[in-house]
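# Understanding the architecture of this molecule
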Amino acid sequence: MKYDYLIVGAGPYGAIFAHEAMKCNKTCLVIDKRDHIGGNIYTEQVEGINVHKYGAHIFHTNDKEVWEYVNRFATFNRYTNSPIANFNGEIYNLPFNMNTFYRLWGVSDPTEAEKIIETQRLKCEEPQNLEEQALSLVGRDIYEKLIKGYTEKQWGRDCKDLPAFIIKRLPVRFTWDNNYFNDQYQGIPVGGYTGIIKKLLEGSEVRLNTDYFAQRDYFDHIATKTIYTGMLDEFFNYQFGPLEYRTLRFDSEILDQPNFQGNAVVNYTDKETPFTRIIEHKHFEFGTQPKTVVTREYSKEYENGDEPYYPVNDLKNSARYLSYKELAEGEENVIFGGRLAEYKYYDMWQIVRNSLDAARKELKEAKDNRYEM
């Protein structure tokens with residue numbers, strides 16, 4: 001075999017595995033069908049602004065080791081995610097907190113806000129759909145203005161037709177705190193995410209514009225083991241049927257003005273606005289450039305050829321995934337990792353943790369096997 005590891009996908013999972021393998025003097029070939037490294041966290045400079053090409057990516061974690069690990073490859077700034085919601089021109093703070101409640105009801109007393117939400121809550125022991133789940137958690141006003149329209153655009157379905165488990169909880173704070181995440185560590189890498197991936201891949205051979213499935217027989221015989229981060233159903237030739245996804249369309253433009261919306265992320269929560277949110281990229285790094293770049297995000301049903309983003313983890317797809325997972329567990333020389341290979345939405349810190357854990361387990365086993373021979 002020419003390589004110890006073939007790594008299918010040059011995103012964070014594959015890049016971290018490659019980096020850890022290289023430290024153990026393993027040879028790695030990393031391939032990706034896109035024309036760039038980084039997967040969905042890829043950033044590129046436009047007008048001196050680091051543009052998040054596949055949507056906003058804000059790093060946050062409570063895992064100290066993960067935080068220290070990513071900080072080896074970049075300096076992270078102190079960006080705090082404080083998105084804004086626009087409902088038909090009305091502006092609200094997210095997550096739901098006292099600023100939100102004051103704008104909704106004119107209350108500044110946390111106890112009063114709690115009483116209003118309690119009176120609006122749907123008394124429901126076992127919510128049957130997403131609408132009932134949301135109403136039981138936060139009541140009618142918050143649901144109608146800040147959840148319903150956004151969610152229906154995101155999933156392309158009425159909230160009554162979406163399973164309740166999509167919303168396990170909704171962050172409600174009775175403080176004046178607009179920090180969306182509760183995590184201890186949060187920030188954006190200065191200079192963008194692509195630089196991190198580039199450092200992680202140093203020493204590995206990387207081939208872009210290379211589709212594993214177009215030359216599968218060749219790639220299956222070029223390395224001792226494969227790290228696969230692509231779509232799980234595609235790996236097994238869709239034999240149980242395709243797993244469903246939602247995808248995104250991005251519409252970006254350069255504006256000849258220094259500031260468009262005054263915030264990195266503004267969600268449009270009414271159903272009539274066709275896009276779900278607008279990202280103004282310069283605010284992730286507190287930019288002062290004379291121009292700005294904004295991106296409108298449109299959610300749509302996944303079709304063959306699109307980039308898959310959000311797994312549709314309903315009962316049908318979850319059952320289908322378990323059939324594929326059983327096949328994956330029978331593959332002795334393939335490690336499946338990442339959101340596509342595991343059909344699960346992950347935050348970035350989880351990808352870092354999972355890849356580190358998988359690499360350490362694999363490389364320890366490889367080392368132990370070498371000593372046993």
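This text gives an overview of the structure that appears in the document. In this text the structure is predicted, and so the values were computed from the model without any measurement.

### Concerning the pairing of strand E6 (residues 84-87)
Each regular strand shows side chains that alternate between the opposite faces of the sheet. Burial along E6 is two-sided: the residues Ile84 and Asn86 and Ala85 and Phe87 are all buried. Pairing of E6 with strand E7 (residues 90-93) involves 4 bridges; the strand directions are antiparallel. When the sheet's bridge partners are listed, phenylalanine 87 is paired in E7 with glutamate 90. Here E6 hands over to E7 after 2 residues, with asparagine 88 in that stretch at a positive phi of 50°. Taken together, the 3 bridges between E6 and strand E12 (residues 265-268) define a ladder with parallel strand orientation. From the neighbouring strand, asparagine 86 faces E12, where its bridge partner is tyrosine 268.

### A short note on the sheet that holds E12
Taken in spatial order, the 7 strands of this open sheet run E7-E6-E12-E13-E14-E11-E15, and their pairing is mixed. Of all strands in the sheet, those bounded by a partner on one side alone are E7 and strand E15 (310-311). Of the pairings in the sheet, the one linking strand E13 (residues 277-280) to strand E14 (residues 292-301) comprises 4 bridges and is antiparallel in character. Bridge pairing in E14 places isoleucine 278 opposite arginine 296.

### Focus: the environment of lysine 199
With respect to the element layout, lysine 199 can be found in helix H7 (residues 194-200). In contact with lysine 199, not counting residues within four places along its chain, are His19 and Phe73.

### What about helix H6 (residues 140-155)?
At isoleucine 147, H6 shows its maximal bend, which comes to roughly 45°. The element H6 is largely enclosed, with a buried count of 12 among its 16 residues. Restricting attention to buried positions, one finds in H6 the residues Ile142, Tyr143, Leu146, Ile147, Lys148, Gly149, Tyr150, Thr151, Glu152, Lys153, Gln154 and Trp155.

### Section: the packing of aromatic side chains
Tallying each qualifying case throughout the model produces 33 aromatic pairs. Aromatic pair tyrosine 5 and phenylalanine 17: ring centres 5.4 Å apart, planes at 75°, arrangement edge-to-face. With a gap of 12 residues between them, tyrosine 5 in strand E1 (residues 3-8) and phenylalanine 17 in helix H1 (residues 12-23) connect regions that are remote in the sequence. By relative accessible area, which is 3% here, tyrosine 5 ends up buried. Its relative accessible area of 0% is what places phenylalanine 17 among the buried residues. Ring-pair connections join several aromatic residues into one group, and the members of that group are Tyr212, Phe213, Tyr218, Phe219, Tyr228, Phe235, Phe236, Phe240, Tyr324 and Phe336. Directly above the ring of tyrosine 54 sits arginine 34, whose terminal nitrogen or CZ lies 4.3 Å from the centroid. Of note, arginine 216 hangs over the ring of phenylalanine 235, and the distance from its end group to the ring centre comes to 4.3 Å.

The rules behind each value
- Residues numbered from 1 in each chain as written.
- Predicted model: local features only at pLDDT ≥ 70, side-chain atom pairs only at ≥ 80, totals over all residues.
- Heavy atoms only, no water.
- Buried < 20%, exposed > 50% of the residue type's maximum accessible area, 1.4 Å probe, protein only.
- Helix = DSSP H or I, 4+ residues; strand = E, 2+ residues; numbered from the N terminus.
- Pairing = 2+ DSSP bridges.
- Contact = heavy atoms within 4.5 Å.
- Bend = angle between axes of the 7 residues up to and from the residue.
- Phe/Tyr/Trp six-rings, centres within 6.5 Å; stacked < 30°, edge-to-face > 60°.
- Lys NZ or Arg CZ within 6 Å of the ring centre and 35° of its normal.

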